[in-house]
Amino acid sequence: MDEPERLGPTYALSDLFVAHHRRLVGLASLLVDDRETAEDVVQEAFVGLHRKWRLLRDPGAAVAYLNRTVVNAGRDRLRHKRRGVTNLPRMVPVPEARSSAEQDAVRHDEADRLWRAIKALPTRQRQVLVLRYYLQQSEAEIADTLEVSRGSVKVHASRGLAALARSLEETP
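1. Focus: the environment of leucine 131
Right, so step 1: Turning to its location among the elements, leucine 131 is positioned in helix H6 (residues 123–133).
Right, so step 2: Along the backbone, leucine 131 and isoleucine 142 are eleven residues apart, and their C-alpha atoms lie at a distance of 6.5 Å.
Right, so step 3: Here leucine 131 is in contact with Leu27, Val71, Gln136, Gln137, Ile142, Thr145 and Leu146, once residues within four sequence places are set aside.

Structure follows, in structure tokens:
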């Protein structure tokens, strides 16, 4: 296979899929509260990128396009229908050493408290915090992804963190 063929949209998308699919499904799961819907959102993002590949001025911007598409599609899905209680991926790291059942139960309870608090946040605050702490995006990247000002990102992050702190203090 020669080099120009390797740079075609099919191969580029395949490489992007391998490199980013799992992370994007995790991101979408945090935004839509449902794994199946998250997978659909990510699949639609890749299909959209494939359709628009020839219009993409900078193939290096494909990852940013996918991030933005997943966030926007997740927002649209939430807007049109809310889901009930879901199984979200846990952000509590699994220790390498075996822990006791009691330690596991405490960690599980803490993770559940955190997810309930995150899910209770207004959508924009949750999106900002997920992009900041899950994708580790900068304020400028978050503003670009959500198509809002950097000041708006700061306000939503500040309010979201304050609401999380209050919620976690109130819950035993």
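2. Focus: the pattern of salt bridges
Right, so step 1: By the definition in use, this model includes five salt bridges.
Right, so step 2: Between arginine 35 and glutamate 39 there is a salt bridge, with the nearest N and O atoms lying 3.4 Å from each other. In this pair, arginine 35 and glutamate 39 both sit in helix H3 (residues 35–52), four residues apart, roughly one turn of the helix.
Right, so step 3: In this structure, lysine 154 engages glutamate 139 in a salt bridge whose closest nitrogen and oxygen atoms are separated by 4.0 Å. Here lysine 154, found in helix H8 (residues 150–170), pairs with glutamate 139, found in helix H7 (residues 139–146); they are 15 residues apart in sequence, far enough to count as distant.
Right, so step 4: Residue lysine 154 is classed as partly exposed on the basis of its relative accessible area of 45%.
Right, so step 5: Counted as one network, the salt bridges with shared partners bring together Glu139, Arg150 and Lys154.

3. Overview of H7
Right, so step 1: Along H7, the positions that sit buried rather than exposed are Ile142, Ala143, Thr145 and Leu146. Viewed end-on, H7 has its buried residues packed into an arc of 165°, placing them on one side of the element.
Right, so step 2: Phi turns positive, to about 60°, at glutamate 147, one or two residues after H7.

Conventions adopted
- Residues numbered from 1 in each chain as written.
- Predicted model: local features only at pLDDT ≥ 70, side-chain atom pairs only at ≥ 80, totals over all residues.
- Heavy atoms only, no water.
- Helix = DSSP H or I, 4+ residues; strand = E, 2+ residues; numbered from the N terminus.
- Contact = heavy atoms within 4.5 Å.
- Salt bridge = Lys/Arg side-chain N within 4 Å of Asp/Glu carboxyl O.
- Buried < 20%, exposed > 50% of the residue type's maximum accessible area, 1.4 Å probe, protein only.
- Arc of directions from axis to C-beta.

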